[in-house]
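Take a look at the letters that make up each chain.
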2 protein chains.
Amino acid sequence: MTSEDTTNTHLESIEEQDITLQFRDQLAKGDGDTLAQWIDTLEPDAIVHAMAHLSGEEQLLILRILDPEDAADLIDDLPDEHSADLLEEIPVAEAADIVEELDSDDRADVLAEMSEDDAEAILDEMEQEEAIEARQLLSYPSDTAGGVMVKEYVAFPLGTTVEEVLNDLRGNREEYSSYNVQYFYVIDHSGKLKGVLRLRDMVLSPPQRPIDEVMIADPDVVRVDLDLQSLQRMLEIHSYSALPIVDSSDRLLGVAIEKDVAEAARKSANKTMLKLVGIFGGEELRSMPTLQRIGRRLPWLCLILILTVCAASVIPLFEEKLTPEMIVALTMFLPVVAGMSGCSGNQALGLSLRELALGIVRPWDLTYVLAKEIRVSLLNGLVLGLLLCIIGYILNGDYWLGIIVGIAIMCNTVISVCIGGVLPLIVKRLKLDPATVSSPILTMIVDASGFFLVLSLALAILRLTGIEAGVVDPP
Amino acid sequence: MTSEDTTNTHLESIEEQDITLQFRDQLAKGDGDTLAQWIDTLEPDAIVHAMAHLSGEEQLLILRILDPEDAADLIDDLPDEHSADLLEEIPVAEAADIVEELDSDDRADVLAEMSEDDAEAILDEMEQEEAIEARQLLSYPSDTAGGVMVKEYVAFPLGTTVEEVLNDLRGNREEYSSYNVQYFYVIDHSGKLKGVLRLRDMVLSPPQRPIDEVMIADPDVVRVDLDLQSLQRMLEIHSYSALPIVDSSDRLLGVAIEKDVAEAARKSANKTMLKLVGIFGGEELRSMPTLQRIGRRLPWLCLILILTVCAASVIPLFEEKLTPEMIVALTMFLPVVAGMSGCSGNQALGLSLRELALGIVRPWDLTYVLAKEIRVSLLNGLVLGLLLCIIGYILNGDYWLGIIVGIAIMCNTVISVCIGGVLPLIVKRLKLDPATVSSPILTMIVDASGFFLVLSLALAILRLTGIEAGVVDPP
């Protein structure tokens with residue numbers, strides 16, 4: 001780090017603390033409007049950072065002192081889990097006022113992060129129309145088209161003229177300002193989607209023409225239960241900025257906006273990463289209450305502990321068969337072989353998670369993955385085996401120890417990489433979450449096989465050489 | 001899995017194989033246009049999947065038999081690394097023809113994945129104007145605004161009328177069809193950005209009005225060197241679908257489209273996940289050549305091997321001091337304590353990576369992270385310690401062994417979680433990549449401290465009880 005970097009970091013650090021302090025000062029003034037105006041001048045990044053560093057009480061005070069609309073703007077800046085935690089702590093009526101001000105998809109996202117009771121209490125306090133809409137959006141799984149769709153769209157009945165549409169747009173400019181207005185939708189009397197209107201086509205059409213003649217008839221649509229991954233690829237490949245979402249009778253339910261979908265995909269990629277390191281559900285923020293955070297981590301740790309102990313139970317099986325001297329000599333290599341193979345297997349496991357997400361592999365492509373991983377694992381295993389063989393010989397001065405640990409790590413690398421590659425596919429076929437389940441299973445298998453390989457190779461060598469040398473009794 | 005699921009999976013599996021086979025059939029016909037038309041009927045997902053499952057030669061043949069434009073469409077569907085690998089294998093002139101057909105940002109992304117020599121050779125073959133543009137885009141780091149910007153935007157000089165703009169849009173409809181046309185840009189004679197025009201405002205303005213009066217003057221802009229994370233938050237919070245990118249003299253350089261930025265963020269989240277499992281640079285696909293894939297994995301594995309052996313070297317230090325019986329009894333718990341603490345630390349590490357990406361923590365927030373992690377680690381450590389203490393007692397029948405391993409895992413969990421939490425921040429302050437560097441360092445420290453804690457606690461207990469029992473000689 002250069003001295004300039006250090007200075008910059010230091011300056012930025014002071015500036016950040018300053019914003020948290022300024023938040024406190026503004027809050028102390030006790031006026032919601034002044035506070036809202038001041039927050040408006042901040043970069044979104046600074047808001048997220050400062051909120052996380054204020055105390056829980058201060059955060060709640062800020063939320064309650066602001067107008068519901070301003071509070072909703074603030075809530076919108078924060079991660080959903082953080083927003084949900086805050087809204088659960090303030091009186092239900094106030095929370096409902098704020099939630100009503102959110103966009104329909106953000107509203108559903110925040111409610112989905114709450115406990116069912118809290119979400120239900122807030123929904124009961126909300127205006128009926130918005131509550132019905134929110135309940136409907138909440139009913140769709142978050143990894144489907146329904147889970148990301150918004151209700152903010154403009155639809156016109158068949159037969160409307162271009163002029164009528166433009167007049168409607170002018171008249172409702174305020175209301176539509178937050179809508180995606182590149183597309184409008186054309187529906188029949190039963191709400192079935194008949195076509196899509198593009199703003200640019202409207203601009204270039206005579207005012208009296210009915211929209212039936214301007215619209216794209218038979219447009220691409222998405223069924224409400226389509227999975228998020230396929231939806232994203234559809235938007236990406238066709239370069240659509242939005243797609244209409246319909247039910248099984250082609251009735252228009254909502255719209256999937258490209259950026260909402262991309263945002264959902266990014267959240268899902270981040271969740272996968274957290275699940276992979278063992279955070280339950282992939283959701284944790286340091287602003288959460290300590291007990292809640294422990295609940296996201298501890299169950300997985302306890303599971304791993306049991307699995308690891310099971311794997312390590314292989315070791316005592318050899319206690320009677322090997323000499324204590326031999327076990328002592330091998331002790332330092334047991335965690336090395338098991339840990340290293342775990343690392344190799346995790347590489348293949350991570351790659352499978354990614355390729356599953358990209359659609360490059362499907363749950364039934366076991367032979368493809370095996371064929372691709374076996375070559376990599378053989379070469380990597382060979383190199384690691386040779387390396388550890390040399391290290392073992394140098395550290396112990398005994399060539400047999402080098403051979404044992406070298407062969408063990410070589411074989412265990414192949415086992416681990418192959419299992420790591422196919423395990424996420426198998427777990428997915430069993431309709432379980434591959435990011436959560438795969439890694440603990442891999443660790444247990446690879447630990448057990450690593451210990452077994454080292455110790456049984458040692459036993460084999462002992463039997464071969466030891467009998468001659470008289471170290472062990474002949475059978 | 002229900003029998004219906006199995007049937008579905010099986011059916012889908014057959015369908016997938018079928019598409020790969022159909023690809024071969026279509027390819028065998030030897031006609032590029034027929035092949036392109038057939039590919040057009042496929043879902044993007046099916047294309048990505050089928051291409052990955054064809055042999056390298058078949059993939060190259062497909063690319064070469066298609067028109068450059070159709071080949072570019074195909075390339076656009078594939079992950080960048082895959083596209084780059086394919087283009088590097090075909091003759092440079094053909095690759096250049098295909099690359100020219102890509103959108104400016106996709107072009108830069110694919111070229112960035114190639115070796116410098118191959119990219120240079122293709123650039124030399126391209127038309128001068130496009131090559132200059134591509135070189136310019138390539139010069140910006142991929143994690144900055146410049147790295148995601150596109151050159152496909154429409155700008156008009158000050159003084160143009162609304163009618164002239166609409167005429168230009170009508171006249172160039174074809175060319176602009178792939179552009180983001182929600183915004184147009186207004187520049188002065190030196191190319192400085194003066195305002196932003198919204199399509200919807202144009203529609204509602206008299207034709208003769210100069211755009212100077214319709215545009216949003218003094219619009220939000222982004223400097224070309226702004227980091228991706230801040231750019232994304234700006235788009236997200238203001239709900240912009242695009243932002244103009246300018247240099248230090250406010251000259252318009254390009255446009256950042258919301259969906260390109262979200263896509264870049266998603267790629268970056270996926271890369272972080274792969275780096276975390278130890279894949280160098282976060283880039284690997286099973287379609288890559290085996291040696292290249294080994295190059296992404298093996299260096300990291302060799303590094304870990306050395307670090308792990310260093311950590312395990314703590315064990316022999318105690319060989320002389322403890323009795324062989326004691327070491328044999330402890331052997332199975334050494335990998336358990338080290339491995340489990342590693343898992344706990346990785347949870348905190350993953351969370352720090354995520355909070356760094358979200359802007360919730362900054363590299364200098366060490367005390368904040370420590371304060372938040374210490375509580376969680378104390379409680380988790382206590383529970384894991386009690387659990388392992390009981391397990392140790394049950395398996396060994398000796399209460400001292402339970403106490404040793406229980407205390408060791410408790411202390412090591414606290415150490416590991418605290419280090420795991422702050423390490424990514426420190427690594428980031430040193431301008432290194434936290435996702436790549438943090439995990440190996442954590443593993444080494446935690447392994448070493450785990451072994452040390454178990455063995456030195458055993459030594460302490462041996463000295464306390466052993467002296468009385470006469471197991472060891474008094475000092």
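Residues numbered from 1 in each chain as written. Chains lettered and ligands numbered in written order. Predicted model: local features only at pLDDT ≥ 70, side-chain atom pairs only at ≥ 80, totals over all residues.

## Overview of the overall build of chain A
Inclusion rule: Counting from the N terminus, the helices are DSSP H or I runs at least four residues long and the strands are E runs at least two residues long. Radius of gyration: C-alpha atoms only; globule rule: 2.2 Å multiplied by the number of residues to the exponent 0.38. Exposure classes come from backbone-placed C-beta atoms, where a residue is buried if 20 or more other C-beta atoms lie within 10 Å of its own, exposed if 12 or fewer do, and partly exposed in between. By definition, residues are in contact whenever their C-beta atoms, placed on the basis of the backbone, come within 7 Å of each other.
Counting its regular elements, chain A contains 23 helices and 7 strands. What you see for chain A is a C-alpha radius of gyration of 30 Å, clearly larger than the 23 Å of a compact globule of 475 residues, by over 25%. Each of the three principal axes of chain A carries a C-alpha extent, and together these read 105 × 60 × 50 Å. Relative to its full complement of 475 residues, chain A shows a buried share of 47%. The contacts in chain A between residues at least 6 apart in sequence include a share of 71% that link residues at least 24 apart.

## Remarks on the interface of chain B and chain A
Counted only if it meets this: All residues other than Ala, Val, Leu, Ile, Met, Phe, Trp, Tyr, Cys, Pro, Asp, Glu, Lys and Arg, Gly among them, are scored as polar; the first ten of these are nonpolar and the last four charged.
Tallying the contact residues gives 102 residues for chain B and 101 residues for chain A. Ranked by the residues each element gives to the side of chain B that touches chain A, the list is headed by helix H20 (residues 333–358) of chain B, at 16 residues. Looking at the side of chain B that touches chain A residue by residue, the class counts come to 56 nonpolar, 22 polar and 24 charged.

## Some words on the packing of helix H7 (residues 92–100) of chain B against helix H9 (residues 116–125) of chain B
Geometrically, a packed helix pair is captured by the angle between its two axes and the distance between the axes. All names here are of chain B. What counts is decided by this rule: Axis definition: a line fitted to C-alpha atoms, over the contacting stretch in the case of helices. Angles run 0 to 180 degrees between N-to-C directions. Here roughly perpendicular refers to angles of 65 to 115 degrees, roughly parallel to angles under 35, roughly antiparallel to angles over 145, and oblique to all remaining angles.
In contact at an axis separation of 8 Å, H7 and H9 are set at 75° when each is read in the N-to-C sense. Here H9 runs roughly perpendicular to H7, going by the angle between their axes. On H9, the residues that touch Val92, Ala93, Ala95, Ala96 and Val99 of H7 are Ala121, Ile122 and Glu125. When its residues are assigned to classes, the contact of H7 with H9 shows 7 nonpolar, no polar and 1 charged.

## Examining H20(B)
Residues and elements named next belong to chain B. Our working rule: Residue count minus one, scaled by 1.5 Å, sets the expected span of a helix.
Given a rise of 1.5 Å per residue, 26 residues ought to cover 38 Å, and the 38 Å separating the end C-alpha atoms of H20 matches this to within 8%. Burial of H20 is extensive: 25 of the 26 residues sit out of reach of the surface. Taken from the residues just after H20, Gly359 is the one with a positive phi, measuring 80°.

## Some words on the nonpolar core
Condition: A set of buried residues qualifies as a nonpolar core if it consists of Ala, Val, Leu, Ile, Met, Phe, Trp, Tyr and Cys joined through C-beta atoms within 7 Å.
Judged by nonpolar contacts, the single largest core of 280 residues is most densely connected at A:Ala256, A:Val454, B:Ala256 and B:Val454. Filtering out sequence-adjacent residues up to four positions away, B:Ala256 remains in contact with B:Ala145, B:Val148, B:Met149, B:Val222, B:Leu231, B:Ala242, B:Leu243, B:Ile245 and B:Val261.

## Some points on the confidence of the model for chain A
Residues and elements named next belong to chain A. Stated formally: Confidence per residue, as judged by the predictor, is encoded in pLDDT with a range of 0 to 100.
Chain-level pLDDT for chain A is 86 on average; 93% of the residues reach the 70-or-more range. Ranking the elements of chain A by mean pLDDT puts helix H1 (residues 3–28) last, at 65, and helix H22 (residues 399–429) first, at 94. Across residues 1–10, confidence stays below pLDDT 50; counting only partners more than four residues off in sequence or on other chains, it has 7 contacts. The low-confidence segment residues 468–475 (pLDDT under 50) makes 7 contacts with residues lying over four places distant or belonging to another chain.

## Considerations on the relation of the copies chain B and chain A
Heads up, the condition is: Superposition of the copies was done by least squares, using only C-alpha atoms of residues whose pLDDT is at least 70 in both.
After a rotation of 180° and a shift along the axis of 0.0 Å, chain B superposes on chain A with an RMSD of 0.1 Å. The transformation relating the two chain copies, once decomposed into turn and shift, fits a two-fold axis. Most of the interface of chain B is mirrored in chain A, where 99% of its interface residues are also at the interface.

## Notes on the sheet that holds strand S5 (residues 222–223) of chain B
Residues and elements named next belong to chain B. Note the cut-off: Criterion used throughout: strands pair if DSSP finds at least two bridges between them.
One open sheet holds the 3 strands; their spatial order is S5-S6-S7, and the pairing between them is mixed. Because the sheet does not close on itself, it has two edges, and the strands there are S5 and strand S7 (252–257). With 2 bridges connecting them, S5 and strand S6 (residues 242–246) associate as parallel partners. Pairing of Val222 across the sheet is with Ile245, part of S6. In this fold helix H17 (residues 258–276) packs onto S6 and S7, with an angle of close to 70° to the strand it touches most, S7.

## Things to note about the pairing of S7(B)
All names here are of chain B. Burial runs high along S7: 6 of the 6 residues are buried. By the bridge criterion, 5 bridges tie S6 to S7 in an arrangement that is antiparallel. Within the sheet, the bridge partner assigned to Ile245 lies in S7 and is Gly254. Between the antiparallel neighbours S6 and S7 lie 5 residues, among them Asp250 with a positive phi of about 70°.

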